[in-house]
Amino acid sequence: MTQDVAAKHQAGVAARKAEMRAAQLAAGVEHLLEVKDLHVEFRMQDGVAKAINGVSFHLDERETLAILGESGSGKSVTAQAIMGILDTPPGYVTGGEVLFQGTDMLKMTYRERAKYRGPKISMIFQDALSSLNPVFPVGWQIAEMFRKHRGMNRSDAYAEAVRLMERVKIPAAKERVKAFPHQFSGGMRQRIMIAMAISLDPWVLIADEPTTALDVTVQAQIMDLLKELQEESGMGLILITHDLGVVASVADRIAVMYAGRLVETSAIGPLYAHPLHPYTKGLLESVPRLDQKGQELLAIGGLPPNLLRMPEGCPFNPRCRYAFDECRTGAPPPLREVEPGRFAACYVAGEV
Amino acid sequence: MGKFIVRRLLQMIPVILGTTFLIFMMVYALPGDPTDGRCGQRPCPPQYVEAFRREYNLDKPVIVQYLLYLAKLLTGDFGTAYNGKTVLHELSIRYPVTIKLALIAIAIEAVIGIAAGILAAIRKGKFIDNLVTVSTLLLISFPVFVIGGLCQLVFGLQLGWFPVTATEGTWEQLVLPGIVLASLSVAYTARLTRTSLVENLRADYVRTARAKGLTVPRTIAVHALRNSLIPVVTYIGASFGALMGGAIVTERIFNINGIGGYIYKSIHDRDGTALVGTVLCLVVVYLVVNLLVDILYGVLDPRMSHD
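Residues numbered from 1 in each chain as written. Chains lettered and ligands numbered in written order. Predicted model: local features only at pLDDT ≥ 70, side-chain atom pairs only at ≥ 80, totals over all residues. Heavy atoms only, no water.

K.L.:
Explanation requested: the overall build of chain B in the structure shown.
P.N.:
Summing up its helical and strand segments, chain B has eleven helices and zero strands in all. Reading the secondary structure of chain B in the N-to-C direction produces α-α-α-α-α-α-α-α-α-α-α. C-alpha extents for chain B along the principal axes are approximately 85 × 55 × 30 Å. For chain B, the proportion of its 307 residues judged to be buried stands at 45%. Look at the contacts in chain B between residues 6 or more apart in sequence, and 75% of them connect residues 24 or more apart. Entry remark: accessible area of chain B is about 15400 Å², with carbon and sulfur atoms responsible for 69%. When the 27 basic and 19 acidic side-chain charges of chain B are each reduced to a single mean position, those positions are 10 Å apart. (Helix = DSSP H or I, 4+ residues; strand = E, 2+ residues; numbered from the N terminus. Buried < 20%, exposed > 50% of the residue type's maximum accessible area, 1.4 Å probe, protein only. Contact = heavy atoms within 4.5 Å. Areas by Shrake-Rupley, 256 points an atom, 1.4 Å probe, with all protein chains shown as cover. Lys, Arg positive; Asp, Glu negative; His and termini not counted. Charge placed at Lys NZ, Arg CZ, Asp CG, Glu CD.)

In structure tokens form, the structure reads like this:
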């Protein structure tokens, strides 16, 4: 495909998005995507696990929001709840709103919502090998987006698949469009996932640990690719990760999750310079640094709480160095604005 | 692919030699003599016994008998059974009936088994799932001769839906025996399909299919089912051989003139020629079906492709 066609395509997409943006502004909608007080629980045999407990955040165009947290903190569940692909049962969204350009997606039927997945909001997953269907050619899987969402015929859809594979820089895309996922390397497979996710020019892309399964050099290439695609299309990017290194180079804002709650949200720079929440501080201290070579690496002691038996008070209190009596009783501390534009859910935020 | 098929066909030669040899030896090892009881209540006259033994090479060492049999087989001659008819003639009458029976059973097994398995999987834990679990358990628990007799009684005699016996071996007659023959494997197919689909519905790529905005039917029928059917197809293919062998009981229940009855008679008569010829055909059918399954496996699962 020539550069001209690609440029023309991008121009078309940009024009379409500008129109919709104008409509959005006219309707008084502030953010591209806004999550308000989201609650998710998993109903299991041995009890109800409250996986997400009142998470709120927003995302604008061209913006990258990083959601950071340990395994089990609820970051992937948040993403799946936004996408509407939670496994139900056992997972249920029990409250809150997910507003896409002002429309609450949680009030839609499965079918209505399915129409949003792909053209409006899209997602890539951690393990591209298991996330791609092993029995269909990669081109077929990308082309399926065009065939099912845009009613394109097989050959046109395949041509689009080749265009996308070229866009995510897969060498010899034309020859490899009929190859199967297992015939690609890990990095190439993740590129195919990305090609599929951006195929219908979504407004929002959620990347759930996109580089965790890859080696370091490939990680950087994938992050660069995501950044480049975002600059071209102006989409909002939600980057879910536990890797502070990945976050630092690409994110604009960061939301730290712990036990299904946001504990700190902040612009990226100030957070690294001066974390407000003890948990964020612990996370930053646990990153190996070249200038501290030879010293012992600090780790946060203890384990994340069992979601079936959440501790009273602040969920982080059993692991917190600064916890005092108030932290151990009553409701968890609410998220409050500690500094302009910076929020933390801690009584001693900023003082530690 | 071509190479794969040629290699597999060549591999059949030792398998065929091995099975024919083993069966030949087993018949030889059976106690009693082929001429026992051939002359009514009296023992056969020595002249008859001698002539009989000479005619069927029984006077030679067993290994020579086997080699003579093989030599004939290579010319396409399956030999003559003790009743004086050629084995090939018997097989040409009886094989089509048994193949028909097995095909009906396979069709029932595939259609009903897979359909029941899919329903149970997508309604997991609901009424239909429990219904499938209980009914397949019943089918697995009952021996085939009980199911056969019950079906004859209920559907053949009392309700009159099907003929009670299938002596002529027409398609209409073979439906009820086909159902009986399939009863065990249909239960296994349903359970295997259910387990496989339930597992695949939890797979990451099914989550991806949902994230792609596909409809629920497409997510299940295209993305999950294709993967779930890989073990099921293998099982159904392998069960074809078991169905042909299992036909021995079913054919006796419904008085079907298939190979089951012939195998039974050959063992009874200690007729090595007839038995080896019949089993040889069974083995070839079994090997060919397995080859087809392996080829199909490569088509269903590109990771197993033979190219």
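Right, picking up where we left off after that structure.
K.L.:
I tried to follow the pattern of salt bridges on my own but got confused; where do I start?
P.N.:
Side chains bearing opposite charge may pair, as long as their charged atoms lie close to each other. What the rule picks out here adds up to 25 salt bridges over all chains. As a salt-bridge pair, Arg43 of chain A and Glu41 of chain A come within 3.0 Å of each other at their nearest N and O atoms. You can call Glu41 of chain A buried: its relative accessible area is 12%. Residue Lys212 of chain B is joined to Glu144 of chain A by a salt bridge in which the shortest nitrogen-to-oxygen separation is 2.7 Å. Residue Lys212 of chain B is found in the loop between α8 (204–211) and α9 (216–253), and its partner Glu144 of chain A is found in helix α5 (residues 138–150); the two belong to separate chains. Residue Lys212 of chain B shares its accessibility class with Glu144 of chain A, and that shared class is buried. Among the ionic contacts, a cluster of salt bridges with common partners joins Glu41, Arg43 and Lys50 of chain A. (Salt bridge = Lys/Arg side-chain N within 4 Å of Asp/Glu carboxyl O.)

K.L.:
Before we go on, may I ask you to explain the interface of chain A and chain B in this structure?
P.N.:
Interfaces are often sized by the amount of accessible area the parts lose when they come together. Taken together, the contacts link 28 residues of chain A with 21 residues of chain B. Of the roughly 2300 Å² buried between chain A and chain B, counting both surfaces, carbon and sulfur atoms make up 57%. Applying the counting rule to chain A against chain B returns three salt bridges. Note that Arg218 of chain B is salt-bridged to Glu144 of chain A, the shortest N-O span being 2.7 Å. Applying the counting criterion to the chain A and chain B interface returns 13 residue pairs in polar contact (both at pLDDT 80 or more). Among the elements that take part in the side of chain A that touches chain B, α5 of chain A stands out by supplying six residues, more than any other. Broken down by class, the residue content of the side of chain A that touches chain B amounts to 15 nonpolar, eight polar and five charged. (Buried area = accessible area lost by both parts, 1.4 Å probe. Polar contact = N/O pair within 3.5 Å; in protein donor to acceptor, adjacent residues only side chain to side chain. Nonpolar A, V, L, I, M, F, W, Y, C, P; charged D, E, K, R; others polar.)

K.L.:
Would you mind showing me how to read helix α6 (residues 154–167) of chain A here?
P.N.:
Since the α-helix turns once every 3.6 residues, residues separated by three or four places project in the same direction. Residue and element names in this part refer to chain A. The first and last C-alpha atoms of α6 sit 20 Å apart over 14 residues, in line with the 20 Å expected at 1.5 Å per residue. Among all positions in α6, only Ala157, Tyr158, Ala161, Val162, Arg163, Leu164, Met165 and Arg167 are buried. Where α6 begins, one side-chain oxygen reaches toward the backbone nitrogen of Ser155, 3.2 Å away; that side chain belongs to Asn153. (Expected span 1.5 Å × (residues − 1).)

K.L.:
Just checking my understanding: could you explain the packing of aromatic side chains for this structure?
P.N.:
Both the distance between ring centres and the angle between the ring planes are used here to describe each pair of aromatic rings. Tallying each qualifying case throughout the model produces 13 aromatic pairs over all chains. Seen in terms of ring centroids, Phe100 of chain A and Tyr116 of chain A are 5.7 Å apart; in terms of plane orientation they differ by 85°. Their pairing is edge-to-face. Placement of Phe100 of chain A in strand β4 (residues 91–100) and of Tyr116 of chain A in the loop between α3 (110–114) and β6 (121–124) is noted, with a sequence separation of 16 residues between them. For Phe100 of chain A, a relative accessible area of 1% puts it in the buried group. Judged by its relative accessible area of 18%, Tyr116 of chain A is buried. Taken together, the ring pairs in this structure connect Phe21, Phe24, Tyr66 and Tyr69 of chain B into an aromatic cluster. A cation over an aromatic ring shows up here: Lys120 of chain A above the ring of Tyr116 of chain A, its NZ or CZ 5.6 Å from the ring centre. (Phe/Tyr/Trp six-rings, centres within 6.5 Å; stacked < 30°, edge-to-face > 60°. Lys NZ or Arg CZ within 6 Å of the ring centre and 35° of its normal.)

Bear in mind that shape data such as this cannot, by itself, settle questions of function.
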